[in-house]
Every structure is written in structure tokens, then in C-alpha cells.
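A structural walkthrough
For reference, the chains in residue letters:
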Amino acid sequence: MQTREFLVSAPGKVILHGEHSVVHGKVALAVSLNLRTYLRLQSTASGEVRINLPNIDTFLAWEITALQPLLAGCKEQGDLKELDADLLKRLREFTGILDESTDTRSMAVLAFLYMYLTVFAEALASITVSVWSELPTGAGLGSSAAYNVCLSAALLSARGTISSPLTPQQESARWCKDEMELINRWAFMGEKIIHGNPSGVDNAVGTWGGFLRYHAGNITPLSWVPILRILLTNTKVPRSTKVLVSGVKDKINKFSSVMKPVLESVSAVSCTCEQTLTEMATHGPSAEHYSILEELIDINQHHLNVMGVGHSSLDTLCRVTLARGLHSKLTGAGGGGCGITLLRPETDASVIQSTFEELKSCGFDCWETSIGAPGVQQHSSAALSQDVLKILNSY
Ligand SMILES: Nc1ncnc2c1ncn2[C@@H]1O[C@H](COP(=O)(O)OP(=O)(O)O)[C@@H](O)[C@H]1O
Ligand SMILES: C[C@@](O)(CCOP(=O)(O)O)CC(=O)O
Ligand SMILES: [Mg+2]
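Just so it is clear, the structure is predicted and the values come from calculations on it, not from any experiment.

Some words on helix α6 (residues 201–208)
- Extensive coverage of α6 is indicated by the burial of 7 of its 8 residues.
- What α6 keeps buried is the set V201, D202, N203, A204, V205, G206 and T207.
- Residues of α6 that are buried make contact with β1 (5–17), β2 (28–43), α4 (143–159), α5 (177–195), β7 (211–215) and β8 (218–221).
- One or two residues past the end of α6 sits G209, with phi positive at roughly 70°.

Written out as C-alpha cells, the structure reads:
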């Protein structure tokens, strides 16, 4: 344990195209959001590990001496592709969290304890970890990935496995490429616990930030992509990524010859979108480019409905926005949660205002977002707003 206090943050994400298909090896395009999750880690002398998760009203502590026996017979973490199933089983027995459980608190606690035990396996440290997020939890904006990336970065740095990049002169700092790759791989373990079968796109965006193309574990930054104006709508319909991802898998198994072309077509949507964005960056954006982007959004939304991850609230979003010539699709796992609407550079403020009003009257939250935020960072307290510090410091 090298540090007494550690502050980190990681962004949420929006998937433009490729959610669900990306789990089955297809191409996805995703971009970081200006909404972040913040984590404070303190070393203590209490002999306890404590976690404070105010977003989900969870405040728990365990004696280190009670956790130690869980590590008996633990394997080396190896290439961080698979979870240690025996450790996870012991953890489930210890916490009383059942295999089929998908509730918010259970998933967050399991991911934390698993990561803590495996990172600190050689010498369990007495720490308090507090996490607070600007992201809605379980709404398709990658809150689980931002949570896991923060945990991974803070625990690995506190353990001394990776450096603590912040110098006294800096307000924020990032790790080197190799260390970021390690952060990403450990965060993926947390995603495996929360999602069951994650593609890795969300933790990649949380780690690296910016606009990414993700394909079968290969991450390509698309830094040249033109700035897009995106409206985000949270239908506030709760859903679990784990349940939705497993539903799509069941459908693929049941109707393999029907579903495989759908996944292939979504991949082609991602590639065509990438091509269009390249043309927009090279030749300057035109109305035709925007028409293509809009049609691709409509096509993908239909495909996602075919996969069974639509919801009547998302249909409402599409209908309300289309009535004003705007095109929307769900983002993330669907089944409720959030949707994105593409705005044109010239979309009039009055159109946006009336869209906001109608969506709000449906009970939804709606805002114009800013995309392309930096990935995981370490901060000094001077870098964080008073509001965030007040929450993190109150435990
Ligand atoms: N700020 C947070 N505090 C505690 N747990 C969180 C937080 N953000 C996310 N989580 C965990 O991530 C889960 C949500 O993940 P998921 O269903 O993948 O939705 P999404 O990633 O789209 O928000 C929650 O149930 C919780 O376990
Ligand atoms: C559905 C999926 O493509 C994205 C899930 O994102 P979110 O957890 O709903 O933010 C799953 C994945 O890629 O792991
Ligand atoms: Mg998630």
C-alpha cells in the first residue's frame, strides 16, 4: 500500500452502433460522455475494507480477517480473460449473493470484493473506497464500466501494481499505455461479474476515452471523427444489461439462421457509419451525409427491436423525435434505459426545445450531451468540484 488517498474518475459512454452485436464479435462504434464516475480510496488502520456507494444507498464493511480465508487456494490472475470461478463461488457463499441475482447492490458488491481480493491477494490492505457517479445507474450509459474502470485504476495504483501518475504540480494525470491496458483488463473482470458476457467495449471507452471502433477486442481510436450533436433521453425504465445480453444469446441459439444475418447487418451499419464519418471529416459534412447517418440509425433501431431489446418507451422516443424530423435509437443494452437522437448542425433551438418538452411530458429526462471526454484519470482534490468532493469526503 503506497498511497494514503487516491482520487480517480472515468467517463460513461454512448454506443452509436453495434450494441449486442459486439458481444458476438461484430463491429461497434462508441464514444465517451461528459458524465463521469468518481472514486476516492483511503488507506486506513481500521483492519476493515469499507465501501460507500451513495448512488445505490449501499454502505458496507468487512473485517480483513474474515475475508482472508476466501483467498485459500486462489490461482494467479494470469491473462485476465476468465474469472476465477472458485473464488467467485466462495464470494457468493460468503456474501449470500445467489448465482441468478442481478440486483444493483449485489452486482456492485461482488465486483468490488472480487477485484479487491484479486488485486490485494498477497496482503489484504485496510481501505475505504467511496464511489459516486453523475451517470444514471443501469440506463445504458456504461455506469458499470465507469465503476469498474475506477475500481481497477484505484486498486491497482494503491497496491503499487501500476504507478500513481499524478505529480504535485498536476491537477489530473493519466497512466502510460501499458498501465492503461492493465486497468482495462481488470475492469473487464468487473464487467464480467456485472454483465455475465461483456464485449469489452464499455470498459475500453471508460479507460481510453474519445471515439473508438471496437471489434473482437481490437480497439481503434477514431480521433478524426467530426463532432456530432447528440440528444440523450433517459426513459427511466429500469433494466439489467446482464438479463438483456443473455436474452439476445437465447434468441441467437433458438433462431441461429434468422439472427446471424441481423448481427451481420448491424456490423455493416457500424462500418457504413464509420465510412460516412470519414467522408465527413475529409470533405466536410453535407446534408447527404446526415441523411445517411439518420437512415442508419433507423435501420439499427429496427434490428435492435428484432433482437428483442426494444421497449415501448423507446418507441415513444423514436415517434416523438421523428415527428420533428429527428432520428433516434436505443443506446447500450436497451429494454428501456437511454436512447440517442442525432441533431444536425443547423437543427433549430426551437425544435430542440419542443422535443425536450414533449419528451419530458412523457416522464423522460432529456439533454443535449457533449461527447469525447478523456478516459480514466487520477486527480488532485483541486481538480474536482466542491460538490463531488463533498460527497466523496463525507464517508
Ligand atoms: N455509481 C455506482 N455505484 C455502485 N454501483 C454501480 C454504480 N454505477 C454502476 N454500478 C453497478 O453497475 C450496475 C449497472 O450496470 P448495467 O446493468 O451494465 O447498466 P449500465 O452499465 O448501462 O449503467 C449496477 O446494478 C451496479 O451494480
Ligand atoms: C449490450 C452491450 O453491447 C452494451 C451494454 O452497455 P450498458 O451496460 O447497457 O451501458 C453489451 C456489451 O457490449 O458488453
Ligand atoms: Mg453496463
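Now that the structure has been shown, we can carry on.
Let's talk about helix α10 (residues 312–322)
- Taken residue by residue, α10 has S313, L314, T316, L317, C318, V320 and T321 as its buried positions.
- Looking at the buried residues of α10, the elements they touch are β9 (229–234), α9 (287–306), β10 (327–330), β11 (338–343) and α11 (349–361).

Details of the coordination of the magnesium ion (ligand 3)
- Around the magnesium ion (ligand 3), the protein supplies S144 (OG) and H195 (NE2) as donor atoms, at distances of 2.2 to 2.3 Å. Placement of S144 in helix α4 and of H195 in helix α5 is noted, with a sequence separation of 51 residues between them.
- For S144, a relative accessible area of 13% corresponds to the buried category.

Things to note about unusual backbone geometry
- Backbone geometry places D57, a non-glycine residue, at a positive phi of 50°.
- Tracing the chain through its elements places D57 in the loop between β3 (48–53) and β4 (58–63).
- A relative accessible area of 55% places D57 in the exposed class.
- Positioned with a positive phi, A216 is a non-glycine residue whose angle comes to about 50°.
- The residue A216 is located in the loop between β7 and β8 in this model.

Thresholds, definitions, all that
Residues numbered from 1 in each chain as written. Chains lettered and ligands numbered in written order. Predicted model: local features only at pLDDT ≥ 70, side-chain atom pairs only at ≥ 80, totals over all residues. Heavy atoms only, no water. Buried < 20%, exposed > 50% of the residue type's maximum accessible area, 1.4 Å probe, protein only. Helix = DSSP H or I, 4+ residues; strand = E, 2+ residues; numbered from the N terminus. Contact = heavy atoms within 4.5 Å. Donors = N, O, S within 2.8 Å, 3.2 Å for Na, K, Ca; no water.

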